[in-house]
Amino acid sequence: MATHFYLPFERKGKFDYHKLNEYEKYQLSFHPERPKYLDYLKIFDDAKVCFRSDAFGSCLIQTHRANLIIDDNKIPVMLIGQQTGPTSDYKELSKMMRDVEQMRKWNEGMPTPASYERAVKAINAANNENRLIIIFVDTPGADPTETSEAGGIAWRIGDTIHALAETQVPTLSVIMNRACSGGAIGLTGCDLVLAMEYSTYLVITPEACSSILFHTRDRANEAASASRITSKEGFELGIVDVLVAEPEGPAHRFKGKAIESLHAEIEKAAVKLQSIPTTKLFAKRVERWSNIGQWSETTIEKVNSVQREVSRLPVPNSDGYLKRHKGCYDMHGVHKYDPVRFDRLKSNGFVCETCGFRYTRPSIWDCMNSLFDKDSFEEHAETKLIIDKDILGFPEYKEKLIGAQKRTGLMTTMITGNAKIRDIDIVFGGADFGFFGASFCMTTGEKIWRAAEIAIKDKKPLILHAAGGGARMHEGCSSMVSIPKAHIAITRVEKAGIPVITIITDPTLGGVAIGYGSRGKRIFLKHAGNIGFSGRRVIEQYTGKKTSKDFQTTPWLQRHGHVKYVATQDSLRNEITYILNQV
């Protein structure tokens, strides 16, 4: 039985990390022999397991109460660690891999709702017991199955980011190996982020990025290079605070030295965090996150030349009818050809009553015209000139941004401003799916931040219109790191005693769902679908099974207990005023 696992470039003997291509660096970051969370427990004293659960996936996030000893001083800590498998000992792992049930338990390293529920319990306990929170991050991404969607995985990840945003004790995150997608960002929204030298921090796997960019998974190295996924590059971009040396070489071959190196850096970080007075901790957190992200500013002349109202609503004929879409069959397999009444289609959220086909997704301009009192919207001067910045030199990003601006009449995915809803003054932020699929990006995080500050200053309710999928891959992990920034912004509003309402539309997935889509009082549009963490296509490709017919629709989410408020586009004004009048 093999004692060690060797990647192709290791088989030649000693290798130079700096001469590896970007995809090889990615492979190295999740080498099966790199130290895992349980290996790093030796840094701490008196580590005791807490919040153990038999729920499937609970073992993917381990939790321990422990102490960190620094110069004879005992610092109580709460440890939260993503554990992607049973062991980093390859010989032992090879034996375990023969046990199908044992390996199934570890779910290929992908956390489930139960994993994040365990993390939230640990965060809350750390608050009550005044323990420094230290989190170890290592994941290929969260579990992409219908079972996890039914368990509300998007909201559970959102709960974790929310809990870290509001905790009254310092928080420290360590990226050990591979920190990928929303499964990782759920645990990296901390006061300080450390990363091992040969780890990676990425918004999307190189294979998936290559598939989107080049329509093939075979150009993963180019995608990895464009995305700047190494932790060293994360440090250069300002999303990693401390790069922890692996002094003798990659940690999977020099475990002891890597653990010693991290131990020293954790001690430094703990001393730094412990020196912050409790009364000033949240203010320091706000200061930190206010500086996260990069964007550019344009001129008012440029805005005036681009920005205009763009509608995506279909136009009925003079009799008020639309041509029925092709391929409409009823439940008995009968092909329907008759035209559709526009008013009836509109009241049904532009979803065909016969077969569920979605005729259109209204633009944010359409939504604002339907939601606000006539002529009451005024865009914020504070956000009007903010535009997306190409920090990576990502292939064709600048050209695609220009195209999105022309199509949508928007400068960025999100537009913010003041408005009135039934004479109630509100602050609004809304995303348009037509602009890069409303993917969460750095300008979205910054615009929510500034809108939140205006809501606090003017004491007006904050209404957010959620739409979109994951974090924007064209900005690399910096887009994903803006998700906790939005959480901090919303927490500030709620701490000021100001209501926050989030409208959940079709689609609200990935980074949008775990970000601002998981906050405030959520109103789900009655005819919305594609709501959750992983998209239907991703889940079906991964599981090899078809999802439920009404999967990720508002009724499906309602049945699984994730929906309280529901409205149609026409009744949304009433629902919002009802909620605000209850406050």
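Note that the structure is a prediction, hence the values are computed from the model and not measured.

Trainee: Give me the pattern of salt bridges: which residues, what numbers.
Mentor: All told, the structure shown has 32 salt bridges when counted by the stated rule. The residue Arg-285 makes a salt bridge to Asp-191 at a minimum N-O spacing of 2.7 Å. With Arg-285 in helix α13 (residues 281–290) and Asp-191 in the loop between α8 (181–185) and β6 (192–196), the pair connects residues that are 94 residues apart, well separated along the chain. Between Glu-222 and Arg-219 there is a salt bridge, with the nearest N and O atoms lying 2.9 Å from each other.

Trainee: Go over helix α10 (residues 220–227) with me, naming the residues and quoting the values.
Mentor: Of the residues making up α10, those classed as buried are Ala-220, Ala-223, Ala-224, Ala-226 and Ser-227. Projected onto a plane normal to the axis of α10, the buried residues spread over an arc of 165 degrees and lie on a single side. Here the buried face of α10 lies against α1 (22–29) and α9 (206–214). Phi for Arg-228, located one or two positions after α10, is positive at around 50 degrees.

Trainee: Talk me through the side chain of Gln-82; I want residue IDs and the actual numbers.
Mentor: With respect to the helices, strands and loops of the structure, Gln-82 is situated in strand β3 (residues 73–82). Within polar-contact distance, the side chain of Gln-82 engages the backbone nitrogen of Asp-138 at 3.0 Å. Beyond its immediate stretch of four places on either side in the chain, Gln-82 contacts Tyr-37, Leu-60, Ile-61, Pro-111, Tyr-116, Phe-136, Val-137, Asp-138, Thr-139, Met-176, Gly-183 and Leu-187.

Trainee: Tell me about the packing of helix α7 (residues 153–166) against helix α20 (residues 477–495), residues and numbers included.
Mentor: The interhelical angle for the contact between α7 and α20, taken along N-to-C directions, is 60 degrees, at an axis separation of 9 Å. With respect to α20, the element α7 is oriented oblique. In this structure, α7 crosses over α20, and the sense of that crossing is right-handed. Residues Gly-158, Ile-161, His-162, Ala-165 and Glu-166 of α7 form the contact with α20, whose own contacting residues are Ile-483, Pro-484, His-487, Ile-488, Thr-491 and Glu-494. In terms of residue class, the contact of α7 with α20 is built from five nonpolar, four polar and two charged.

Trainee: Quick one: what's the story with the pairing of strand β17 (residues 500–508), residue by residue and with numbers?
Mentor: A large share of β17 lies buried, amounting to nine of its nine residues. Examined bridge by bridge, strand β16 (residues 462–468) and β17 share six bridges and lie parallel to one another. Considered in β17, the bridge of Leu-464 is made with Thr-502. The parallel pair β16 and β17, bridged by α20, forms a crossover whose chirality is right-handed. Relative to strand β18 (residues 521–525), β17 runs parallel, the two sharing four bridges. In the strand pairing of β18, Ile-503 is matched with Ile-523.

Trainee: Please provide a residue-by-residue account of the pairing of β3, values included.
Mentor: The element β3 is largely enclosed, with a buried count of seven among its 10 residues. Where strand β2 (residues 61–70) meets β3, 10 bridges bridge the pair, whose relative direction is antiparallel. Its bridge partner being in β3, Asn-67 is matched across the sheet by Pro-76. Joining the antiparallel neighbours β2 and β3 is a turn of two residues, in which Asp-71 adopts a positive phi near 50 degrees. Direction of pairing for β3 relative to strand β4 (residues 132–139): parallel, over a ladder of five bridges. Its bridge partner being in β4, Met-78 is matched across the sheet by Ile-133.

Trainee: Can you break down the sheet that holds β17 residue by residue, with the values?
Mentor: Spatially, the seven strands line up as an open sheet ordered β12-β14-β15-β16-β17-β18-β19, and their pairing is mixed. Strand pairing shows two members of the sheet lacking a second neighbour, β12 (378–379) and β19 (565–567), which therefore form its edges. Inspection of the sheet shows strand β14 (residues 414–421) paired to strand β15 (residues 424–431) by eight bridges, in the antiparallel sense. What sits directly across from Ala-419, in β15, is Ile-426. Across the face of the sheet, helix α16 (residues 364–371) comes into contact with β14, β15, β16 and β17 while running at roughly 165 degrees to β15. Its contacts with the sheet put helix α19 (residues 442–458) on β14, β15 and β16, and the angle it makes with β14 is roughly 30 degrees.

Trainee: Which residues make up the environment of Asp-432, and what are the values?
Mentor: Relative to the elements of secondary structure, Asp-432 occurs in the loop between β15 and α19. Take Asp-432: its relative accessible area is 1%, and that puts it in the buried class. Sequence separation of Asp-432 and Asp-366 is 66 residues, and the distance between their C-alpha atoms is 10.0 Å. With near-sequence residues (within four places) excluded, Asp-432 lies in contact with Arg-312, Ser-363, Ile-364, Thr-408, Leu-410, Thr-413 and Ala-438.

Criteria and cut-off values
Residues numbered from 1 in each chain as written. Predicted model: local features only at pLDDT ≥ 70, side-chain atom pairs only at ≥ 80, totals over all residues. Heavy atoms only, no water. Salt bridge = Lys/Arg side-chain N within 4 Å of Asp/Glu carboxyl O. Helix = DSSP H or I, 4+ residues; strand = E, 2+ residues; numbered from the N terminus. Buried < 20%, exposed > 50% of the residue type's maximum accessible area, 1.4 Å probe, protein only. Arc of directions from axis to C-beta. Contact = heavy atoms within 4.5 Å. Polar contact = N/O pair within 3.5 Å; in protein donor to acceptor, adjacent residues only side chain to side chain. Axes fitted to C-alpha atoms, helices over the stretch in contact; angles between N-to-C directions. Parallel < 35°, antiparallel > 145°, perpendicular 65-115°, else oblique. Left-handed = near helix turned anticlockwise from the far one by under 90°. Nonpolar A, V, L, I, M, F, W, Y, C, P; charged D, E, K, R; others polar. Pairing = 2+ DSSP bridges. Right-handed = clockwise from strand over helix to strand, strands pointing away.

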